[in-house]
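Observations on chain architecture
This is what each chain is made of:
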Amino acid sequence: MGPEIDRALTQGLELIGATADLEALAAAETAVLGRRAPVVELRRGLAALDEDGRRVFGQALNTARQRLESAVGERRAELGAVERRRRLEAERLDLTEVVPERRVGRVHPFTAAWERLEDVFLGMGFQVAEGPEIETEALNFGALNFPEGHPARESFDTLWVEWGAPGSTLLRTHTSPVQVRTMLAQEPPIYVICPGRVFRQDTPDATHMPVFHQIEGLVIDRGITMGDLAGTLEEFTKAFFGGSFTSRLRPSYFPFTEPSAEFDIQRPDGSWMELGGCGMVHPNVLRAGGIDPEEWSGFAFGFGIDRFALARHGVDDLREFWSGDIRFLSQF
Ligand code: DAH
């Protein structure tokens with residue numbers, strides 16, 4: 001039986017030594033130590049031997065099995081290290097790397113969309129206004145004509161900030177409070193856009209993030225009508241998307257505008273995409289901004305910026321844009 005044990009050991013060690021990866025090692029382990037392995041089969045032969053033979057060869061089989069087991073363990077450690085090194089190498093990002101023939105840095109797709117939107121509106125005579133990301137409840141809701149306890153307040157999934165009286169401070173849920181801030185800060189006529197970050201208590205998925213970007217528009221002047229709103233959005237659509245795009249307004253509801261509408265654009269293939277909301281600024285909002293609704297009227301609009309980047313680049317998962325993974329971002 002001795003030579004057979006030796007052979008099982010030598011062949012087993014060879015098989016283990018020849019494995020190229022962890023998967024092959026798992027197969028080799030079954031072959032040399034599993035139920036059908038030679039060292040296991042040979043053990044059955046012990047029954048036919050006398051007591052001395054059983055002791056000697058039983059011991060030899062045990063030793064062989066232990067050597068095979070430790071050979072498997074050592075090989076597993078080696079192959080694991082090789083695979084880890086290979087993976088690290090494949091995922092390596094050299095942030096100091098300079099590739100001379102290529103642009104090294106570039107603007108994030110959200111920033112690019114934001115800047116293009118600004119450019120188009122600046123070209124149409126608008127100015128850019130800004131407001132804080134931490135906002136008062138009074139400006140985010142109250143001044144925008146959300147009645148106390150109105151369900152529209154709940155629908156915003158507000159992230160509250162522990163500051164001042166409970167329920168007085170929040171992360172702005174939209175850029176609309178910048179409308180009121182602008183009215184309070186400057187005399188009409190007003191032609192502004194307000195791009196910025198907004199926050200809602202949303203679980204991240206392909207189309208939602210708790211942080212996203214909006215752009216607000218506000219026009220206050222004498223004799224402004226819904227026709228001016230429709231005309232401005234149509235001009236914007238053509239300037240931003242191209243001459244083969246058109247827009248339409250659909251009746252809707254927002255507390256801060258009356259009448260209110262949804263703003264859709266039509267692609268050259270005839271399909272429609274919803275961009276955001278708009279409407280004539282509600283008299284209560286004008287009054288909250290210190291503006292006399294008898295003398296002045298205006299329109300406002302607001303839409304999401306991130307969706308522009310998504311649609312423009314044909315990406316279907318918003319989270320990709322937040323990954324910060326340079327291999328994804330450098331495609332744009
Ligand atoms: N603030 C709204 C939102 O976040 C969007 C919006 C709708 C803004 C209508 C407007 C508007 O200025 O007139 O859903």
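Preceding this paragraph is the structure being described.
First, a word on scope: everything that follows refers to the structure included in this document.

About the thresholds
Residues numbered from 1 in each chain as written. Predicted model: local features only at pLDDT ≥ 70, side-chain atom pairs only at ≥ 80, totals over all residues. Heavy atoms only, no water. Near = heavy atom within 4 Å. Polar contact = N/O pair within 3.5 Å; in protein donor to acceptor, adjacent residues only side chain to side chain. Areas by Shrake-Rupley, 256 points an atom, 1.4 Å probe, with all protein chains shown as cover. Helix = DSSP H or I, 4+ residues; strand = E, 2+ residues; numbered from the N terminus. Nonpolar A, V, L, I, M, F, W, Y, C, P; charged D, E, K, R; others polar. Pairing = 2+ DSSP bridges. Salt bridge = Lys/Arg side-chain N within 4 Å of Asp/Glu carboxyl O. Buried < 20%, exposed > 50% of the residue type's maximum accessible area, 1.4 Å probe, protein only.

A closer look at the site of the ligand
The environment of the ligand is made up of 16 residues, and the closest members are His-174, Ser-176, Arg-200, Gln-214 and Glu-216. Interatomic distance of 3.0 Å between a side-chain N/O atom of Gln-179 and an oxygen atom of the ligand. When the ligand sits alone it has 360 Å² of accessible area, and the protein chains cover 91% of it. For the shell around the ligand, the secondary-structure elements that each account for two or more residues are strand E6 (211-221), strand E9 (272-281) and strand E10 (297-304). Here the shell around the ligand is built from residues that sort into six nonpolar, eight polar and two charged.

Observations regarding the sheet that holds strand E7 (residues 246-254)
Taken in spatial order, the seven strands line up as E1-E5-E6-E10-E9-E8-E7 in an open sheet, and their pairing is mixed. A strand with exactly one partner marks an edge of an open sheet, and here the two such strands are strand E1 (127-128) and E7. One ladder, built from ten bridges, connects strand E5 (residues 190-199) with E6; its direction is antiparallel. Within the sheet, the bridge partner assigned to Arg-197 lies in E6 and is His-213.

Describing the pattern of salt bridges
Evaluation of the coordinates by the stated rule reveals 15 salt bridges. With its nearest N and O atoms 3.2 Å apart, the salt bridge here joins Arg-55 to Asp-52. In this pair, Arg-55 and Asp-52 both sit in helix H4 (residues 51-91), three residues apart, roughly one turn of the helix. By relative accessible area, which is 51% here, Arg-55 ends up exposed. Between Asp-325 and Arg-327 there is a salt bridge whose closest N-O contact spans 3.0 Å. Overall, the relative accessible area of 24% leaves Asp-325 in the partly exposed class. Relative accessible area serves as the criterion here: at 47%, Arg-327 is assigned to the partly exposed category. Bridged by salt links that share partners, the residues Arg-248, Arg-250, Asp-264 and Glu-274 form one connected network.

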